[in-house]
Amino acid sequence: MKFPYDFLFGAASASYQIEGAWNEDGKGKTNWDVFSKIPGKTYNGTNGDVAIDHYHRYKEDIKLMAEMGLESYRFSISWARILPTGDGEVNEKGLEFYNNVIDECLKYGIVPFVTLYHWDLPLTLEEDGGWTNKRTADAFVKYAEICFQSFGDRVKHWITFNETVMFCGLGYLKGAHPPGIQNDEKKYFQATHYVFYAHAKTVEVYKKLNHYGEIGITHVFLPAYSIDDKHENVVAARHANEYETFWYYDPILKGEYPSYVAEQLKEKGWTPSWTEEELDTIKRNAGKNDFIGLNYYQPIRVEKNHEADSSKEHSRETSTLAPGNPSFDGFYRTVKMEDKTYTKWGWEISPQGFLDGLHMLKDRYGDIMMYVTENGLGDEDPIIDGEIVDVPRIKYIEEHLKVIKRAIKEGIHLKGYYAWSVIDLLSWLNGYKKQYGFIYVDHHDHLNRKKKLSFHWYKHIIETRGEEL
Ligand SMILES: C[C@@]1(C(=O)O)OC[C@H]2O[C@@H](O)[C@H](O)[C@@H](O)[C@H]2O1
């Protein structure tokens, strides 16, 4: 059986991780332009000043995507190229660059799937409180409307935010992302609320434009499973799903926060300062979402945490989602299981965990339309006789595509798959060591591009619409 005729086979990237040209053509500074240059913050001091120079080489890169037969390309717009100060004057050269990228995609029949925010925030806004300041939410809605008006005639698939839990959690709890704040739960939850509010307002604005495209949000999908049937561990898994998944998915799909979390926040004094207008905006627009984007890499296996409160000690290493760390509130701990397989970065490889999680989402939210907006294997790819023989990546993606095909047969409304990443790119915390791409970038030879084994494999899967999987 082939994948449905309208299922999109795609691959993804993000502006800060590929573009470079960090200070060219009127682009404003972002939080990451500054944060990445603070000693110790990134692996080996890597930063996105050049990245893989996609800003100057986008035609070459998109031509390679076309050669792969890619049906859709998910990329993000750097807000600071459009509005250098976040909410001031428009930078025409920024509009020009993304118009060129979109037109280059359409030249090859590649469907552009655009993320408005993939973590690079204009510095002016970060310095004014970032996502804990409602100004940023209001500025985002203005920025989004400019993008809709400029690109909406050709872009019909829009993602507002990528992985809110990551930029808020790493920004305000772990300190591994800007603004580098640790253990500030009040700011963490406040930031998530303003993101959900900005998302809801943006959906409302988009729908009023009658562009007849799709809009949604992309969340991490990290289904939590108890390590055994012990009651306290089952409770721990429920707690993890409430804070890591339902806190994020409920306001988008149900228009309200999960009571399990909301009540605990009240007890702990972590409730965001929200207004009735904000809560009503979230409620009023929940039904207008066209899809939810899932970034799935792994599940987590959890047990009740009994250790003294080590949840407050953080480092870059404890911020990479590897198992063995306590939750931010110390309630549970993730566990590395003897009978599971893991990547070099300690992420469990579990297509079955994905399928079980999809059914959990359907049980809770009904028949919602979904895209897998990221999935892939971060690895140090083997190079044999000059060829990048990334067989582990082929196996990883193959197993997950098989499960996606099965999920569709079981009634899960999945409309597309975007491998992370289309091309090797800068990893926020792992520099260029952790590769994800179908296309290799040689940092020892002028960033030259080279097709990996997986490039040819994915081309075949797309051509045959995954019939053999
Ligand atoms: C933490 C990490 C990684 O480096 O493995 O997860 C997978 C992938 O998620 C994406 O949303 C990030 O933009 C990208 O950089 C990757 O980040």
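Located above this text is the structure these notes cover.
Residues numbered from 1 in each chain as written. Predicted model: local features only at pLDDT ≥ 70, side-chain atom pairs only at ≥ 80, totals over all residues. Heavy atoms only, no water.

Some words on the overall build of the protein chain
Part 1 of the argument: Scanning the protein chain from terminus to terminus reveals 15 helices and 15 strands.
Part 2 of the argument: Its C-alpha atoms give the protein chain principal-axis dimensions of roughly 55 × 55 × 45 Å.
Part 3 of the argument: Counting 56 positive and 71 negative side-chain charges, the protein chain places the centres of these two groups 2 Å from one another. (Helix = DSSP H or I, 4+ residues; strand = E, 2+ residues; numbered from the N terminus. Lys, Arg positive; Asp, Glu negative; His and termini not counted. Charge placed at Lys NZ, Arg CZ, Asp CG, Glu CD.)

Thoughts on the packing of aromatic side chains
Part 1 of the argument: Tallying each qualifying case throughout the model produces 55 aromatic pairs.
Part 2 of the argument: Between Phe196 and Tyr248 the ring centres are 5.7 Å apart and the planes differ by 80°, which places this aromatic pair in the edge-to-face class. Of this pair, Phe196 sits in helix 9 (residues 185-208) while Tyr248 sits in helix 10 (residues 231-253), and the two are 52 residues apart along the sequence. Considered together, Phe196 and Tyr248 belong to a single accessibility category, that of buried residues.
Part 3 of the argument: An aromatic cluster is defined as three or more aromatic residues linked by ring pairs; in this entry it consists of Tyr188, Phe189, Phe196, Tyr243, Trp247, Tyr248, Tyr257, Tyr260, Trp270, Trp274 and Phe328.
Part 4 of the argument: Across the ring face of Phe331, the terminal group of Lys304 is positioned such that the distance to the ring centre comes to 4.3 Å.
Part 5 of the argument: The side chain of Lys434 reaches across the aromatic face of Trp347, ending 3.9 Å from its centre. (Phe/Tyr/Trp six-rings, centres within 6.5 Å; stacked < 30°, edge-to-face > 60°. Buried < 20%, exposed > 50% of the residue type's maximum accessible area, 1.4 Å probe, protein only. Lys NZ or Arg CZ within 6 Å of the ring centre and 35° of its normal.)

Brief notes about the pairing of strand 7 (residues 291-296)
Part 1 of the argument: The buried fraction of strand 7 is high, at six of six residues.
Part 2 of the argument: Here strand 5 (residues 214-221) pairs with strand 7 via six bridges, running parallel. Residue pairing across strands places Phe221 opposite Tyr296, the latter belonging to strand 7.
Part 3 of the argument: Pairing analysis gives four bridges linking strand 7 to strand 10 (residues 370-374), with the strands arranged parallel. Note on strand 10: the bridge partner recorded for Ile292 is Met370. (Pairing = 2+ DSSP bridges.)

Comments concerning the packing of helix 7 (residues 134-151) against helix 9
Part 1 of the argument: Relative orientation of the contacting elements helix 7 and helix 9 amounts to 30°, with a least axis distance of 9 Å. It follows from the interaxial angle that helix 7 and helix 9 lie roughly parallel. Helix 9 is crossed by helix 7, and the crossing has right-handed handedness. Contacts between helix 7 and helix 9 involve Lys134, Ala137, Asp138, Phe140, Val141, Ala144, Glu145 and Phe148 from the first element and Tyr194, Tyr197, Ala198, Lys201, Thr202, Val205 and Tyr206 from the second.
Part 2 of the argument: Split by residue class, the contact of helix 7 with helix 9 holds 10 nonpolar, one polar and four charged. (Axes fitted to C-alpha atoms, helices over the stretch in contact; angles between N-to-C directions. Parallel < 35°, antiparallel > 145°, perpendicular 65-115°, else oblique. Left-handed = near helix turned anticlockwise from the far one by under 90°. Contact = heavy atoms within 4.5 Å. Nonpolar A, V, L, I, M, F, W, Y, C, P; charged D, E, K, R; others polar.)

Structural notes on unusual backbone geometry
Part 1 of the argument: Here Pro178 and Pro179 are connected by a cis peptide whose omega angle stands at 10°.
Part 2 of the argument: With respect to the element layout, Pro179 can be found in the loop between helix 8 (164-172) and helix 9.
Part 3 of the argument: In the segment running from Trp420 into Ser421, the intervening peptide bond is cis, with an omega of 10°.
Part 4 of the argument: Locating Ser421 in the fold gives a position in the loop between strand 13 (414-420) and strand 14 (439-442).
Part 5 of the argument: In this model, Glu163 sits at a positive phi of 55°, which is unusual for a non-glycine residue.
Part 6 of the argument: Mapped onto the elements of the fold, Glu163 is located in the loop between strand 4 (157-162) and helix 8.
Part 7 of the argument: Residue classification places Glu163 among the buried residues on the basis of a relative accessible area of 6%.
Part 8 of the argument: With phi around 60°, Tyr212 is a residue other than glycine that occupies positive phi space.
Part 9 of the argument: For Tyr212, the position within the fold is in the loop between helix 9 and strand 5.
Part 10 of the argument: For Tyr212, a relative accessible area of 72% puts it in the exposed group.

Things to note about the site of the ligand
Part 1 of the argument: Looking at the ligand, there are 13 residues lining it, with Gln17, His118, Trp428, Lys434 and Tyr436 nearest.
Part 2 of the argument: In this structure, an oxygen atom belonging to the ligand sits 3.3 Å away from a side-chain N or O atom of Glu163.
Part 3 of the argument: Take Tyr436: an N or O atom from its side chain is 2.5 Å from an oxygen atom of the ligand.
Part 4 of the argument: In the complex, the protein chains occlude 94% of the 370 Å² of accessible area that the ligand would expose alone. (Near = heavy atom within 4 Å. Polar contact = N/O pair within 3.5 Å; in protein donor to acceptor, adjacent residues only side chain to side chain. Areas by Shrake-Rupley, 256 points an atom, 1.4 Å probe, with all protein chains shown as cover.)

Describing the side chain of Glu71
Part 1 of the argument: Tracing the chain through its elements places Glu71 in the loop between helix 3 (54-68) and strand 2 (72-76).
Part 2 of the argument: Within polar-contact distance, the side chain of Glu71 engages the side chain of Arg465 at 2.8 Å.
Part 3 of the argument: When residues no more than four places from it in sequence are discounted, the contact partners of Glu71 are Phe7, Leu8, Phe9, Gly109, Ile110, Val111, Ile462 and Arg465.

Topic: the environment of Phe291
Part 1 of the argument: On the secondary structure map, Phe291 appears in strand 7.
Part 2 of the argument: When near neighbours in sequence (up to four residues on either side) are disregarded, Phe291 contacts Phe113, Trp158, Ile159, Glu214, Ile215, Gly216, Ile217, Met369 and Tyr371.

A short note on the pattern of salt bridges
Part 1 of the argument: Tallied over the full model, the rule gives 40 salt bridges.
Part 2 of the argument: For the salt bridge of Glu256 with Lys283, the shortest nitrogen-to-oxygen distance reads 3.1 Å. Separated by 27 residues along the polypeptide, Glu256 in the loop between helix 10 and helix 11 (259-268) and Lys283 in helix 12 (residues 276-285) bring together distant segments of the chain.
Part 3 of the argument: Through salt bridges with shared partners, one network takes in Asp381, Asp390, Arg393, Asp424 and Lys452. (Salt bridge = Lys/Arg side-chain N within 4 Å of Asp/Glu carboxyl O.)

Looking at the packing of helix 10 against helix 13 (residues 351-365)
Part 1 of the argument: In contact at an axis separation of 12 Å, helix 10 and helix 13 are set at 45° when each is read in the N-to-C sense. Regarding the angle of helix 10 to helix 13, the classification is oblique. Considering the relative orientation of helix 10 and helix 13, their crossing is right-handed. Of helix 13, the residues touching helix 10 (which contributes Asn241, Thr245, Phe246, Tyr249, Asp250 and Leu253) are Met360, Leu361, Arg364 and Tyr365.

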